[in-house]
Amino acid sequence: EIVPALLGCTTQLDTRTEISKLCVKLLEDSVDAVRTTAAECLCMGASSLGSHGEDVAAEWSSVVVVPTIQNCVNKGAKQRLLALKMIQTSLLNHRDPELVEIALSLRNDRIANVRLNVGRLLDTVLHSLEEADLRLIVEQLDEQQKDETDNDVIYFSLRCRNRAQSLLEGSTLSVAL
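Residues numbered from 1 in each chain as written. Predicted model: local features only at pLDDT ≥ 70, side-chain atom pairs only at ≥ 80, totals over all residues. Heavy atoms only, no water.

### A closer look at the overall build of the protein chain
And step 1. Helix and strand counts for the protein chain come out as nine helices and zero strands.
And step 2. Starting at the N terminus and ending at the C terminus, the protein chain contains elements arranged as α-α-α-α-α-α-α-α-α.
And step 3. Across the 177 residues in the protein chain, those meeting the buried criterion constitute 45%.
And step 4. Taking the intrachain contacts of the protein chain between residues at least 6 apart in sequence as the baseline, contacts between residues at least 24 apart amount to 60%.
And step 5. Put simply, the protein chain shows about 9100 Å² of open surface, and 51% of that area lies on carbon and sulfur atoms. (Helix = DSSP H or I, 4+ residues; strand = E, 2+ residues; numbered from the N terminus. Buried < 20%, exposed > 50% of the residue type's maximum accessible area, 1.4 Å probe, protein only. Contact = heavy atoms within 4.5 Å. Areas by Shrake-Rupley, 256 points an atom, 1.4 Å probe, with all protein chains shown as cover.)

### Regarding the packing of aromatic side chains
And step 1. With the rule as written, the count across this model stands at one aromatic pair.
And step 2. With a centroid separation of 5.0 Å and 80° between ring planes, the pair formed by Tyr155 and Phe156 is classed as edge-to-face.
And step 3. The exposure class assigned to Tyr155 is partly exposed, which follows from its relative accessible area of 39%.
And step 4. We classify Phe156 as buried; its relative accessible area is 17%.
And step 5. Positioned above the aromatic ring of Phe156, the side-chain terminus of Arg120 is 4.5 Å from the ring centre. (Phe/Tyr/Trp six-rings, centres within 6.5 Å; stacked < 30°, edge-to-face > 60°. Lys NZ or Arg CZ within 6 Å of the ring centre and 35° of its normal.)

### As for the pattern of salt bridges
And step 1. In this structure the tally under the stated criterion is eleven salt bridges.
And step 2. Between Arg35 and Asp32 there is a salt bridge; the shortest N-O distance is 3.1 Å. Highlighted residues: Arg35 and Asp32, both in helix α3 (residues 32-48), separated by three residues, approximately one helical turn.
And step 3. Classification of Arg35 by relative accessible area gives buried; the value is 7%.
And step 4. Using a relative accessible area of 48% as the deciding quantity, one classes Asp32 as partly exposed.
And step 5. Glu143 is the partner of Lys146 in a salt bridge, and the nearest nitrogen-oxygen pair spans 3.2 Å.
And step 6. Overall, Lys146 belongs to the exposed group, its relative accessible area being 61%.
And step 7. Residue Glu143 is classed as partly exposed on the basis of its relative accessible area, which comes to 41%.
And step 8. In this structure, a network of salt bridges that share partners links the residues Asp123, Arg159 and Arg163. (Salt bridge = Lys/Arg side-chain N within 4 Å of Asp/Glu carboxyl O.)

### Some words on the packing of helix α7 (residues 112-125) against helix α9 (residues 151-168)
And step 1. The contact between α7 and α9 brings their axes to 8 Å, and the two run at 20°. As the angle between them shows, α7 and α9 are arranged roughly parallel. α7 and α9 meet at a crossing whose hand is left-handed. Contacts from Ala112, Arg115, Leu116, Gly119, Arg120, Leu122 and Asp123 in α7 reach Asp152, Val153, Phe156, Arg159, Cys160 and Arg163 in α9.
And step 2. Classifying every residue of the contact of α7 with α9 by side-chain character gives six nonpolar, one polar and six charged. (Axes fitted to C-alpha atoms, helices over the stretch in contact; angles between N-to-C directions. Parallel < 35°, antiparallel > 145°, perpendicular 65-115°, else oblique. Left-handed = near helix turned anticlockwise from the far one by under 90°. Nonpolar A, V, L, I, M, F, W, Y, C, P; charged D, E, K, R; others polar.)

Shown next, in the form of structure tokens:
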């Protein structure tokens, strides 16, 4: 709770980057709730910077949040799941097409729980995405279906893909599987 408040009070990127190091360090904590809270605080930092202008919030995302997410993607399964949580939090607070691409890069992860969470998380943010992002999701999740064998992954992937397609077609009806 303190991190977003502190970020909103600062004007220098160097100071904000120092504050972010607290969250980044906690992303490695052994307790899941601590990691998740640190990830959410780091990602919500951009929304607390909105009072300083959209450029400042976008700078926070590109300089701090996206590199941290990419770092998590290149680590173990717990960190990849944390990266997906960070992507979800970030996309719910501001649009960044790069984050959609990072999430989709995990659709073929060797761990089924990671693959499953790609569809699950994207499904929760579809309403905040633009047409190009929705088209990319439909295309990539169609591709995922060709080789996927895990029924839970298939379920969440298809659910997300169908809802994205429905939004593209302008339908407000929820597509049920």
